[in-house]
Amino acid sequence: MQICRTKQAIRAATLTWRQAGQGVTLVPTMGFLHAGHMALVARARAEGGRVVATIFVNPTQFGPTEDLTTYPRDEARDFDMLRAAGVDAVFAPDVAEVYDPAAQTQVEAAALSRILIGRLRPGHFRGVATVVTKLFNIIGPDAACFGEKDFQQLAVIRTIVRDLDMPVRVIGVPTEREGDGLAMSSRNVRLTPADRAEAPVLNAALTRAAQMPGATVAQMHAAVRAALATAPRADVQSVDIRDAASLRPVRGQPRAPVVILLAVKFGPVLLIDNRVIPPPAQGAAS
Ligand code: PAF
């Protein structure tokens, strides 16, 4: 596995592969890898060409009061995991390699970036869209894998790729979960034991809503809130039920898939999770 610290080095690696007619699939990460990331790598390998992973804790997607400095890092362990999983190259630059202090250009999916998590974390999706655009331009992948856990991030990335005609196929990969249902996240290690014990409540609340065939959006919303209220340590930031394709608000009984999006804090740690609920089969409910 090649470890590239500079744009020049990773470009040289991918150019060689492209000239040999090999496809390149990208797995962008912020490191501190877990089984969720390795599922992205496995999906990328299934494409059959070369796999490039990136490890870059992107400062522009963190707000001034957020956890950039305490974001967990373990580069040596990450490299071992990527090597063992058959990744061909890893791009692990420092901040100065990625961001020129004189840079003026940012990328933003205007409306999508300002709703939901974007309201809780102003500027977050602009930082994500900008760094993903830069990584696409530096590496030139044919395809890129992103986790469905970050549902809105995936929607933002699909939108910028479509709007800016980026020649990259975006692949969404299902969420990996711990045995008790907690969605895997690099942030989970920062939960206290007491918070960790209550954190599976996000998945439990989503499961409860998924088991209400024919329910209205209001009924699902109430059921999710009630389930979350059983965890006294959970500080619920938002519960949103939106059209799964557009993320627009929905009312009444859904006629198309909806997505339930949760953002819940345990102490300083913000956890997110989601579930797509298909509409009831026709004639199944009034
Ligand atoms: O999902 C992440 O880890 C990050 O948001 C990403 C896509 C690597 C951009 O920094």
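The name an unreviewed UniProt entry gives the chain is Pantothenate synthetase, with Roseicitreum antarcticum as the organism. Looking at the Catalytic activity (unreviewed entry) heading of the UniProt record, one finds this comment for the chain: "(R)-pantoate + beta-alanine + ATP = (R)-pantothenate + AMP + diphosphate + H(+)". Here is the UniProt Pathway (unreviewed entry) comment for the chain, exactly as written: "Cofactor biosynthesis; (R)-pantothenate biosynthesis; (R)-pantothenate from (R)-pantoate and beta-alanine: step 1/1."

What about the nonpolar core?
Counting 44 residues, the largest nonpolar core has I10, V52, F136, I139, F146 and L247 as the members making the most contacts within it. Those elements that place two or more of their residues in this core are α1 (7-19), β2 (24-29), β4 (89-91), α6 (124-139), β5 (143-147), α7 (151-163) and β8 (258-266). The dominant element in this core, judged by the number of residues it contributes, is α6, at nine residues. Leave out the neighbours within four places in its chain, and F136 touches L26, P141, A144, F146, V161, M166 and V168. Formed by 26 residues, the second largest nonpolar core is a distinct cluster that contains L202, A205, A234 and I241.

Some points on the state of the cysteines
Summed over the entire model, instances satisfying the criterion amount to zero disulfides. Unpaired in terms of disulfides, C145 finds its nearest cysteine sulfur in C4, a separation of 19 Å. Judged by relative accessible area, which is 0%, C145 ranks as buried.

Quick notes on the site of the ligand
The environment of the ligand is formed by P28, T29, M30, N58, Q61, V131, F146 and Q153. Contact between the ligand and Q61: an oxygen atom at 2.6 Å from a side-chain N or O atom of the residue. Contact distances for the ligand include 2.7 Å between an oxygen atom and a side-chain N or O atom of Q153. Within the complex, the protein chains bury 88% of what would otherwise be the 290 Å² of accessible surface of the ligand. Of the residues that constitute the shell around the ligand, the class distribution is four nonpolar, four polar and no charged.

Side note on the environment of F62
You can see F62 is positioned in the loop between β3 (50-55) and α3 (75-84). Judged by relative accessible area, F62 falls into the buried class, the value being 10%. A C-alpha to C-alpha distance of 8.1 Å links F62 and R121, two positions 59 residues apart in sequence. If we ignore the near neighbours within four places in the chain, the residues touching F62 are M30, V57, D67, L68, Y71, R121 and R187.

Some details on the UniProt feature "binding site: (R)-pantoate" (unreviewed entry) in the chain
UniProt's feature table lists "binding site: (R)-pantoate" (unreviewed entry) at Q61 and Q153, given in the numbering used throughout. In three dimensions, the annotated residues from a span of 93 residues occupy one location, with a maximal C-alpha spread of 11.3 Å. Inspection of the secondary structure assignment puts Q61 in the loop between β3 and α3. The buried category is assigned to Q61, whose relative accessible area is 9%. Leave out the neighbours within four places in its chain, and Q61 touches M30, E66, R121, H124, G127, V128 and V131. Among the polar contacts made by the side chain of Q61, one reaches the side chain of N58 at a distance of 2.9 Å. Mapping Q153 onto the fold places it in helix α7. Every residue in contact with Q153, bar those within four places of it in the chain, is listed here: F125, V128 and F146.

Rules of the game
Starting from 1, residues in each chain are numbered consecutively following that chain's sequence as written. pLDDT decides what is reported in this predicted model: residues at 70 or higher carry local features, side-chain atom pairs at 80 or more are listed and counted, and totals for whole chains, interfaces and linings draw on all residues regardless. Based on all heavy atoms of the structure, the side-chain values leave hydrogens and waters out of the count. UniProt positions are given in the numbering used here, feature names are shortened, and annotations may be inferred rather than shown by experiment. Here the nonpolar core consists of buried residues drawn from Ala, Val, Leu, Ile, Met, Phe, Trp, Tyr and Cys, with membership extended through side-chain atoms lying within 4.5 Å. Working definition: with a 1.4 Å probe on protein chains only, accessible area under 20% of the residue-type maximum means buried, over 50% means exposed, and in between means partly exposed. Numbering of helices and strands runs from the N terminus, with a helix taken as a DSSP run of H or I at least four residues long and a strand as a DSSP run of E at least two residues long. The contact criterion used is simple: two residues touch if any of their non-hydrogen atoms lie within 4.5 Å. The criterion for a disulfide is a pair of cysteine sulfur atoms lying within 2.5 Å. One heavy atom within 4 Å of a molecule or strand is enough for the residue carrying it to be called near that molecule or strand. Under this definition, polar contacts are N or O atom pairs within 3.5 Å; protein pairs additionally need one hydrogen-donor-capable and one acceptor-capable atom, and for neighbouring residues in sequence, both atoms have to be side-chain atoms. Using a 1.4 Å probe, the Shrake-Rupley method yields the accessible areas, and only the shown protein chains count as cover for residues. As a working rule, the residues Ala, Val, Leu, Ile, Met, Phe, Trp, Tyr, Cys and Pro are called nonpolar, Asp, Glu, Lys and Arg charged, and the rest polar, with Gly in that last group.

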